[in-house]
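Fold and geometry: a report
Residues per chain are reported as follows:
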Amino acid sequence: MKETWLFVVSLAGMAVSAAALMLLIPSLFDSGEQGDFWGIGVLACLAVVFAVGMLYWRPSTSSSEGG
């Protein structure tokens with residue numbers, strides 16, 4: 001049960017951090033303004049950490065073969 005909870009938290013965290021990262025990416029290409037590289041880097045690292053957490057804590061799928 002704990003793994004399922006951690007998977008859901010990792011899924012939500014990755015979704016939020018990746019969405020915020022996608023909103024900040026265009027600021028890198030604006031002319032005349034310097035983007036916030038630290039903020040974008042932190043959000044990218046958070047998205048990667050949450051994605052690895054999702055892979056690590058994913059619920060096990062039990063295959064029941066009726067035969």
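Computed from a predicted model, the values in this text were never measured in an experiment.

**Description of the overall build of the protein chain**
- Scanning the protein chain for helices and strands turns up two helices and zero strands.
- Partitioning the contacts of the protein chain with sequence separation of at least 6, the portion at a separation of at least 24 is 66%.
- Of the roughly 5,500 Å² of accessible surface on the protein chain, a fraction of 69% belongs to carbon and sulfur atoms.

**Here we look at the side chain of Ser10**
- If you trace the backbone, Ser10 turns up in helix α1 (residues 2-24).
- The exposure class assigned to Ser10 is buried, which follows from its relative accessible area of 4%.
- Not counting the four nearest positions on each side in its chain, Ser10 is found in contact with Phe50, Gly53, Met54 and Trp57.

**Considering a nonpolar patch on the surface**
- There is a patch of nonpolar side chains on the surface, built from Ile25, Leu28, Phe29 and Phe37 and spanning about 420 Å² of accessible area.
- Among the secondary structure elements, Phe37 is positioned in helix α2 (residues 37-56).
- Take Phe37: its relative accessible area is 53%, and that puts it in the exposed class.

**Focus: the packing of α1 against α2**
- Axis separation between α1 and α2 bottoms out at 8 Å; the angle between their running directions is 150 degrees. Judged on the interaxial angle alone, α2 and α1 are roughly antiparallel. Two packed elements cross with a definite hand, and for α1 against α2 that hand is left-handed. Contacts between α1 and α2 involve Phe7, Ser10, Leu11, Gly13, Met14, Ser17, Ala18, Ala20, Leu21 and Leu24 on the former and, on the latter, Ile40, Leu43, Ala44, Leu46, Ala47, Phe50, Ala51, Gly53 and Met54.
- The residue inventory of the contact of α1 with α2, partitioned by class, reads 15 nonpolar, four polar and no charged.

**With respect to the environment of Phe50**
- Structurally, Phe50 can be placed in helix α2.
- In this structure Phe50 comes out as partly exposed when scored by relative accessible area, which is 25%.
- Remark: the alpha-carbon pair of Phe50 and Val9, spanning 41 residues in sequence, is separated by 8.5 Å.
- When near neighbours in sequence (up to four residues on either side) are disregarded, Phe50 contacts Ser10, Gly13, Met14 and Ser17.

**Concerning the environment of Ala12**
- Mapped onto the secondary structure, Ala12 falls in helix α1.
- Judged by its relative accessible area of 42%, Ala12 falls in the partly exposed class.
- Placed 38 residues apart in sequence, Ala12 and Phe50 show a C-alpha to C-alpha distance of 8.5 Å.

The rules behind each value
- Residues numbered from 1 in each chain as written.
- Predicted model: local features only at pLDDT ≥ 70, side-chain atom pairs only at ≥ 80, totals over all residues.
- Heavy atoms only, no water.
- Helix = DSSP H or I, 4+ residues; strand = E, 2+ residues; numbered from the N terminus.
- Contact = heavy atoms within 4.5 Å.
- Areas by Shrake-Rupley, 256 points an atom, 1.4 Å probe, with all protein chains shown as cover.
- Buried < 20%, exposed > 50% of the residue type's maximum accessible area, 1.4 Å probe, protein only.
- Patch = residues over 30% accessible without salt bridge, like charges linked within 9 Å, V, L, I, M, F, W, Y side chains within 5 Å.
- Salt bridge = Lys/Arg side-chain N within 4 Å of Asp/Glu carboxyl O.
- Axes fitted to C-alpha atoms, helices over the stretch in contact; angles between N-to-C directions.
- Parallel < 35°, antiparallel > 145°, perpendicular 65-115°, else oblique.
- Left-handed = near helix turned anticlockwise from the far one by under 90°.
- Nonpolar A, V, L, I, M, F, W, Y, C, P; charged D, E, K, R; others polar.

None of this, on its own, says anything about what the molecule does.
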